[in-house]
Each structure stands twice: as structure tokens, then as C-alpha cells.
There are 2 protein chains.
Amino acid sequence: MNMAFERDNILSMSGYVPGEQPTESNVIKLNTNENPYPASPRVTEALTAINIEELRRYPSPTASRFRQTAADYHGLSDYNILPTNGGDELLRLAITTFADPGETIGIAVPSYSLYPVLTEIQGCKLVSIPLLDDWNLPANFADRLNGAGAKLALLVNPHAPSGILTGAEQIIDIANSFEGVLLIDEAYVDFVDPENEYDLAPEVEQLDNILLLRTLSKGFSLAGLRFGYGMGPKTIIEPMMYKTRDSYNTDHISQQLATAALESADYARQTWSKVRSERLLLTEELQKLGLTCPPSQSNFLLAQAENEETAGDIVKRLKRENILIRYFDEDRLRDKLRITVGNPEQNQHLLDCLKSIIS
Amino acid sequence: MNMAFERDNILSMSGYVPGEQPTESNVIKLNTNENPYPASPRVTEALTAINIEELRRYPSPTASRFRQTAADYHGLSDYNILPTNGGDELLRLAITTFADPGETIGIAVPSYSLYPVLTEIQGCKLVSIPLLDDWNLPANFADRLNGAGAKLALLVNPHAPSGILTGAEQIIDIANSFEGVLLIDEAYVDFVDPENEYDLAPEVEQLDNILLLRTLSKGFSLAGLRFGYGMGPKTIIEPMMYKTRDSYNTDHISQQLATAALESADYARQTWSKVRSERLLLTEELQKLGLTCPPSQSNFLLAQAENEETAGDIVKRLKRENILIRYFDEDRLRDKLRITVGNPEQNQHLLDCLKSIIS
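Residues numbered from 1 in each chain as written. Chains lettered and ligands numbered in written order. Predicted model: local features only at pLDDT ≥ 70, side-chain atom pairs only at ≥ 80, totals over all residues. Heavy atoms only, no water.

(A) Structural detail: the pattern of salt bridges. Tallied over the entire structure, the rule returns 34 salt bridges over all chains. One salt bridge in this structure joins A:Arg42 and A:Glu263, with 3.1 Å as the shortest N-O distance. Within this pair, whereas A:Arg42 is found in helix H2 (residues 41-48), its partner A:Glu263 is found in helix H9 (residues 252-263), the two being separated by 221 residues in sequence. Exposure remark for A:Arg42: the relative accessible area of 36% places this residue in the partly exposed category. A salt bridge links B:Arg317 to B:Asp313; its shortest N-O distance comes to 3.6 Å. One end of the pair, B:Arg317, and the other, B:Asp313, are both in helix H11 (residues 308-320), 4 residues apart, so they sit about a helical turn from each other. (Salt bridge = Lys/Arg side-chain N within 4 Å of Asp/Glu carboxyl O. Helix = DSSP H or I, 4+ residues; strand = E, 2+ residues; numbered from the N terminus. Buried < 20%, exposed > 50% of the residue type's maximum accessible area, 1.4 Å probe, protein only.)

Encoded structure:
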């Protein structure tokens with residue numbers, strides 16, 4: 001019998017463990033997919049403009065100025081936008097709004113390890129559909145979700161941790177076939193090469209069951225700010241906006257800074273282009289070292305080590321050199337390394353260290 | 001049949017409606033219990049010290065510096081402290097951690113209208129125990145909670161909207177008798193007169209089922225920042241800290257500012273003293289106008305109007321004069337007005353307007 005006060009499912013579950021966040025400044029941090037370049041000077045201006053007196057009062061409960069800015073940025077209406085305290089809050093809200101305890105949530109595996117944790121907190125069942133060997137979705141993905149009775153599916157695109165992009169048409173097909181709400185976690189979408197012409201935002205006016213997750217953590221260099229947003233049809237956004245969300249979920253300062261970041265997106269866009277160039281170079285250089293990566297459309301690479309032992313060894317030896325990368329002790333990932341694309345100096349230092357480790 | 005995607009309980013419920021947050025600066029805002037004085041200059045210094053480059057990285061997932069500062073402030077250990085995105089997040093976390101859907105949550109009524117909303121989102125049952133005529137708790141409060149099988153009780157102290165303080169001894173008695181988790185929402189505790197010697201913080205080392213809610217919104221003049229924290233025994237704090245909480249629930253800037261605010265609590269303490277003096281004056285002046293208030297230990301007063309019609313009329317006529325106060329369309333409150341204690345000029349202006357309305 002549970003003698004603790006917490007619910008049985010909370011007692012028996014394990015929490016999510018975030019990637020290491022060292023406080024030392026001499027660490028090359030390629031483990032949690034931050035943008036290597038800082039946010040736009042307009043964000044600094046917005047920060048400087050904050051007067052402490054403004055904080056005395058409650059913030060806009062709906063983050064109304066940000067909401068309109070994001071709507072304009074995507075060519076949508078403000079009712080399509082749900083500002084959140086980081087992308088993680090949107091994941092939680094989608095689950096607590098659309099899936100009753102005991103109902104089923106679908107994911108593709110491997111994927112973001114927070115999805116099963118949030119599913120467990122809500123007391124939902126999880127159906128995990130394995131990705132193909134090349135990390136693409138199986139053709140019958142929507143059918144399998146429907147077969148399992150899933151009320152909600154969480155799909156990260158570009159995929160983490162492989163970086164593979166599923167095309168917009170395939171996503172639309174899945175949304176059309178799937179009978180529940182399809183959340184597309186686009187945390188890394190800013191790094192997708194524009195030649196892919198991937199943009200699902202206009203689809204929120206066409207599809208009644210799609211919910212897109214965006215965050216300012218990666219593309220806009222504001223992981224420390226905790227600001228994200230959802231985009232979807234009004235009927236999907238409204239219950240989260242006016243019922244399940246904490247009334248003042250985003251604060252005054254982050255609303256101002258996030259608005260400035262989107263308004264000066266051209267600045268961030270330059271960082272995305274630099275990350276893409278570096279991604280290509282790093283992929284080629286890792287390949288030369290025998291560390292093959294699938295073609296990534298994100299700001300990280302999933303490098304294939306010789307075997308599990310080698311992979312673990314590389315992580316440990318890099319750490320001794322003050323370089324952090326991410327290792328997942330999970331099926332299909334134990335012989336692989338997830339490496340965030342850094343700036344040219346960081347990437348070169350990583351490659352130099354890897355050369356001496358591997359040779 | 002529910003043709004919408006959201007869960008049945010979400011579809012049928014109504015959301016919480018926050019008090020009006022006008023954007024005009026000429027409004028005298030006595031409707032949402034903000035502190036009339038700004039935060040300490042140390043908070044401004046902390047804001048000025050933020051470099052946008054720091055925001056590129058994720059914040060401390062546990063807000064570790066704030067946690068230690070709060071522990072020192074209360075004479076506790078860091079494991080007794082749970083930093084949250086406003087006090088509202090702690091309410092939600094307590095519910096999602098300690099009460100299974102279908103289980104019962106207890107409250108005293110009338111009270112903070114968010115409690116029933118959060119209960120409904122989790123799919124829990126609510127047992128509402130009426131306060132006595134003088135707004136005190138009935139002597140059999142804990143017995144009635146136990147009789148209803150409540151797993152969690154939410155109690156605001158000082159009480160909102162009356163401002164009445166329940167003494168520490170009575171709270172300890174309730175915690176000892178109650179079989180579930182007792183959350184004491186101390187949102188307004190900073191305004192309690194020190195001569196009451198009310199401090200439950202040391203009790204989190206004595207009682208295994210108590211959880212105290214604190215916020216920087218009122219006492220520390222930082223409603224716009226969204227920062228609060230829970231205090232409790234390790235066994236109560238841990239499941240929320242490491243399992244049900246969003247991994248990065250508080251952002252880097254708010255962590256720094258909240259830490260500075262607690263470190264310079266002496267500054268805030270002067271504002272509490274000023275609010276207490278004004279509270280006394282305002283109570284006396286309202287009394288002279290026939291608007292009697294129970295003795296408040298908070299930063300608001302609950303004024304008794306002649307009847308429901310008069311109460312509604314006063315709210316409307318004050319609004320025409322750009323003065324906002326709060327009206328609750330709820331049993332036992334329809335003939336009353338909740339008025340936040342402002343600064344001397346605001347209070348005088350309010351009294352002048354009330355005089356001309358009532359005469």
C-alpha cells in the first residue's frame with residue numbers, strides 16, 4: 001500500500017532528467033541544443049527598457065502583444081496562438097486538455113524522453129510506434145494510432161535525436177487520417193533549410209486537429225527565457241487558453257523580450273544560416289572520423305559510433321576535455337552520440353579532440 | 001456526445017476569470033491586490049546585471065540559488081523549497097501530485113475562485129465547507145475533510161476575500177487531525193502584523209502533511225514576474241520537484257530578480273508596514289461611511305455595503321472615476337466590495353469618491 005501522500009502513478013514513475021547544465025564558463029556545451037549565437041540586439045533593448053515599477057502589476061494574462069506579433073509573423077490570427085512558459089508547458093497542456101486519464105497517447109520512438117513522463121503524470125496509456133531504420137515514420141503510422149485509440153499523438157519534426165525532417169505533405173496526410181489531435185513539436189524547425197519549403201503554419205486554418213509547438217529556446221537563442229507558443233485552429237487553442245492554462249502563465253519581462261525577438265527575426269535568421277553551414281561541415285568531418293550522421297535538418301547531429309562501448313568512452317573522454325555532448329541510454333541509441341552544432345571554434349575544438357580520442 | 005477534441009470535464013467547465021488588468025496608466029487599480037509600492041532597488045540592480053548572452057543557455061532547472069536563498073530566509077533547508085512560476089503553479093502541482101481524478105479536494109468557502117477550477121481540470125470532486133458568519137473556520141473543519149475522504153485541502157490564510165487571519169495553533173491542530181495534505185495559501189502573509197507571531201515555516205520540519213504557498217507577487221511587488229514557492233517537508237516537496245513540475249518551470253531572469261528580492265526583504269518589509277498603517281486608516285474611514293470591514297491582516301478589505309444593489313452601484317460609479325475595485329458575484333459576497341489597500345493618495349481619492357457616491 002502507498003503510505004506516501006502522492007498518487008500511486010506519481011510514486012511509481014521516474015521523473016524526466018534534463019541534460020547537464022554546468023555553471024562553469026569554460027565548458028563547451030554541445031549537449032542541450034542551444035543556439036551558439038546570442039539573441040538579437042532588439043531583445044537587449046527590450047530588456048533595458050523594462051522598469052521595475054511595471055512588475056508591480058500583473059502581466060497581460062493572454063500575452064496579447066506577443067500573441068498578435070506571432071500571428072503576424074505566421075500570417076495567422078491571434079486566436080490561433082497560445083503563448084506558453086516554454087514549449088514544455090504546451091506539451092503538458094495538450095495532454096491535460098485532450099487526453100483523459102486511462103486514455104491513450106501515441107508517440108514515435110525513439111523520441112523526446114519527456115513525452116512518456118508527461119503521459120505517466122496524467123495517468124494515460126502510451127502507444128510507442130517504432131521509427132523505421134532510417135528514422136522515418138512507418139507508412140501506417142496514423143492507422144496504428146487509430147487502432148490504439150490514441151486521443152493525442154506527439155511527434156517531433158525535425159525528429160530528435162536524428163535530425164531527420166518529415167515532409168509537410170506526409171504530416172498533412174497523417175493529420176487527415178488520424179482521429180485524435182496531432183501535436184507537431186517543431187522545437188528545431190528554424191534550422192530547416194528553406195529549400196525544403198516546410199511550413200505547416202498555414203495548415204492550422206485547414207486542419208481541425210493539428211497543434212504546432214514552437215519555442216524561442218533554440219532558434220531565437222532564448223532557452224533561459226522559457227517562452228514558447230502553440231499554433232492551431234481556434235477550437236484546439238481555446239480550451240487551453242481559457243481553461244487549462246495557469247491564468248498568468250507567462251511573465252511581463254519574457255512577454256516583452258519574446259515579442260522583440262520575433263519582431264527582429266531577420267537577425268535570428270542569420271544565425272540559422274550559420275548553423276546550417278556549420279552543420280554541413282561538421283557532418284563531413286565526423287564522417288571522415290568514421291562517425292556517420294543521418295542528414296540533419298536540425299541544430300544537432302546523431303553520430304554513429306563503432307559500438308556502445310566506444311560511444312560511452314567518447315562521451316567520457318570529451319567530458320575530461322570540458323566538452324559536453326549527449327548520450328542516451330536507450331534502445332537503438334546506445335552506440336550513438338548526439339552532438340549540438342556549435343560555432344566554428346567550438347566545432348573545430350570538438351573535432352580536434354575526437355581525432356585524438358579515435359586515433 | 002462530445003464532438004470536440006477536449007475531455008468531457010474540460011468541455012463542460014468554465015475557466016477562471018482573472019481580475020481586470022487595464023493598460024491605461026491613469027487607472028487607480030485597487031482590484032487585484034498588488035502592492036502599491038515598487039520592488040527594492042536591489043531587484044533593479046539584478047535586472048540591470050542580466051546579459052542577454054546568459055539567456056542563450058537553459059536556466060538552472062531547480063532555481064538552485066533562489067532555493068538556497070529562500071531556505072536561509074526561512075531557516076530551512078533547500079530541499080524544503082520548491083520554486084514555482086507564480087503561486088498558481090504550486091496550486092496546480094499540489095492537485096496533480098496528491099489527488100487522483102475522482103478523489104476529493106476540500107476547501108473553505110467563500111475563497112479563491114481558482115481552487116474549484118483547478119479541481120475540475122484534474123477531474124476531482126470538491127467538498128466545500130462554509131466558513132462561519134465571522135469568516136472563521138468551523139471547529140470541526142478537519143473532521144469534515146476526513147469524513148469526505150479529502151486527499152488535499154486548500155486553505156488561504158489570511159483568508160481571501162475577508163482578510164481574517166487564522167492563528168498558527170489552529171492551523172497546526174487542523175494539520176494534525178487531517179489525514180491528507182494541507183496546503184496553506186499564504187499569498188498575503190507578508191502583510192500580517194508581526195505582533196500576531198504567525199509563522200508556519202518552522203512547522204514544515206514538524207508536520208508531515210503541510211505545504212505552504214508563498215508568492216513574490218504581493219509582498220515583494222513583483223506580480224508581473226510570476227514567482228512563488230512552496231515550503232514543506234522533503235517528502236511533500238520531492239515528488240513535485242522531481243516528477244510533476246515542468247523541468248524548467250522558472251526562467252533565468254525571474255530567478256535572479258526573485259533572489260534579489262528575498263535578499264533585500266528589509267526593503268519590502270517597510271512597504272508592509274506602510275500598507276498596515278494605511279489598512280487601519282482606510283478601515284476607520286470606510287466605517288465612517290457605513291462600509292464596515294472585518295479586521296484584515298491582508299492588503300485588502302472586504303467592505304459591507306447596504307445591500308447587493310448598492311454594492312453593484314458603487315463598483316460601477318467608481319469605475320467611471322477610473323477606480324477599479326473587485327466585486328464577486330457569489331453567495332455571501334454580492335453585498336460586499338473587496339478593496340485593495342493603495343498608497344495614501346489612492347486611498348484618499350477612493351474615499352473622496354465614495355463620499356460623494358454614498359451621500
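Moving on from the model shown.
(B) Structural detail: the confidence of the model for chain A. On average, residues of chain A carry a pLDDT of 96, and 99% of them reach 70 or more. Interface predicted TM-score (ipTM) for the complex: 0.96; the corresponding pTM is 0.97. (pLDDT = per-residue confidence, 0-100.)

(C) Expanded view of the interface of chain A and chain B. Each partner contributes residues to the interface: chain A has 77 residues there, and chain B has 77 residues. The junction of chain A with chain B conceals about 6,200 Å² of combined surface from both sides, 55% of it contributed by carbon and sulfur atoms. Interface area lost by chain A to chain B is led by A:Phe5, A:Arg56 and A:Tyr58, which between them contribute 14%. On the surface where chain A and chain B come into contact, there are 4 salt bridges. Measuring nitrogen to oxygen at the nearest pair gives 3.0 Å for the salt bridge that ties A:Arg92 to B:Asp246. In this assembly, chain A and chain B are joined by 36 residue pairs in polar contact (both at pLDDT 80 or more). Listing elements by their share of the side of chain A that touches chain B, those giving two or more residues are helix H1 (8-12), H2, helix H4 (87-98), helix H5 (114-121), helix H8 (234-244) and H9 of chain A. (Contact = heavy atoms within 4.5 Å. Buried area = accessible area lost by both parts, 1.4 Å probe. Polar contact = N/O pair within 3.5 Å; in protein donor to acceptor, adjacent residues only side chain to side chain.)

(D) Examining the relation of the copies chain A and chain B more closely. In the superposition of chain A on chain B (RMSD 0.0 Å, axial shift 0.0 Å), the rotation amounts to 180 degrees. Taken together, these values place the two copies in the relation of a two-fold axis. Comparing interface residues between copies, 100% of those in chain A also lie at the interface in chain B; the contact surface is shared. (Least-squares fit on C-alpha atoms with pLDDT ≥ 70 in both.)

(E) Seen up close, the sheet that holds strand E7 (residues 210-215) of chain B. Residues and elements named next belong to chain B. Strand order in the open sheet formed by 7 strands is E2-E8-E7-E6-E5-E3-E4, with mixed pairing between adjacent strands. At either margin of the open sheet sits one strand with a lone partner, and together these are strand E2 (81-84) and strand E4 (125-130). Averaged over all pairs of adjacent strands, the angle between their axes in this sheet comes to 20 degrees, without regard to strand direction. The sheet contact formed by E2 and strand E8 (residues 228-231) spans 4 bridges and is antiparallel. By the bridge assignment for E8, Thr-84 is matched with Gly-228. (Pairing = 2+ DSSP bridges. Axes fitted to C-alpha atoms, helices over the stretch in contact; angles between N-to-C directions.)

(F) Just the environment of A:Leu222, in detail. Structurally, A:Leu222 can be placed in the loop between strand E7 (210-215) and strand E8 (228-231). For A:Leu222, a relative accessible area of 0% corresponds to the buried category. Sequence separation between A:Leu222 and A:Pro61 is 161 residues; the distance between their C-alpha atoms is 21 Å. Not counting the four nearest positions on each side in its chain, A:Leu222 is found in contact with A:Ala39, A:Val43, A:Leu216, A:Ser217, A:Ala261 and B:Leu55.

(G) The pairing of strand E3 (residues 104-109) of chain A, seen in detail. Residues and elements named next belong to chain A. Most of E3 is tucked away, with 5 of its 6 residues classed as buried. Examined bridge by bridge, E3 and strand E4 (residues 125-130) share 6 bridges and lie parallel to one another. Looking at the pairing, Val-109 lines up with Pro-130 of E4. Where the polypeptide runs from E3 across H5 and back to E4, its parallel neighbour, the crossover connection is right-handed. (Right-handed = clockwise from strand over helix to strand, strands pointing away.)

(H) The sheet that holds E7(A), seen in detail. Residues and elements named next belong to chain A. The sheet built from 7 strands is open, its strands ordered E2-E8-E7-E6-E5-E3-E4 with mixed pairing. Each edge of the sheet is formed by a strand with only one pairing partner; in this case those strands are strand E2 (81-84) and E4. The mean angle between the axes of side-by-side strands here comes to 20 degrees, regardless of whether they run parallel or antiparallel. The strands that helix H3 (residues 64-74) touches are E2, E7 and E8; relative to E2, the one it contacts most, it runs at about 125 degrees. Packing of H4 onto the sheet brings it into contact with E2, E3, strand E5 (150-156), strand E6 (181-185), E7 and E8, and relative to E7 it is tilted by some 155 degrees.

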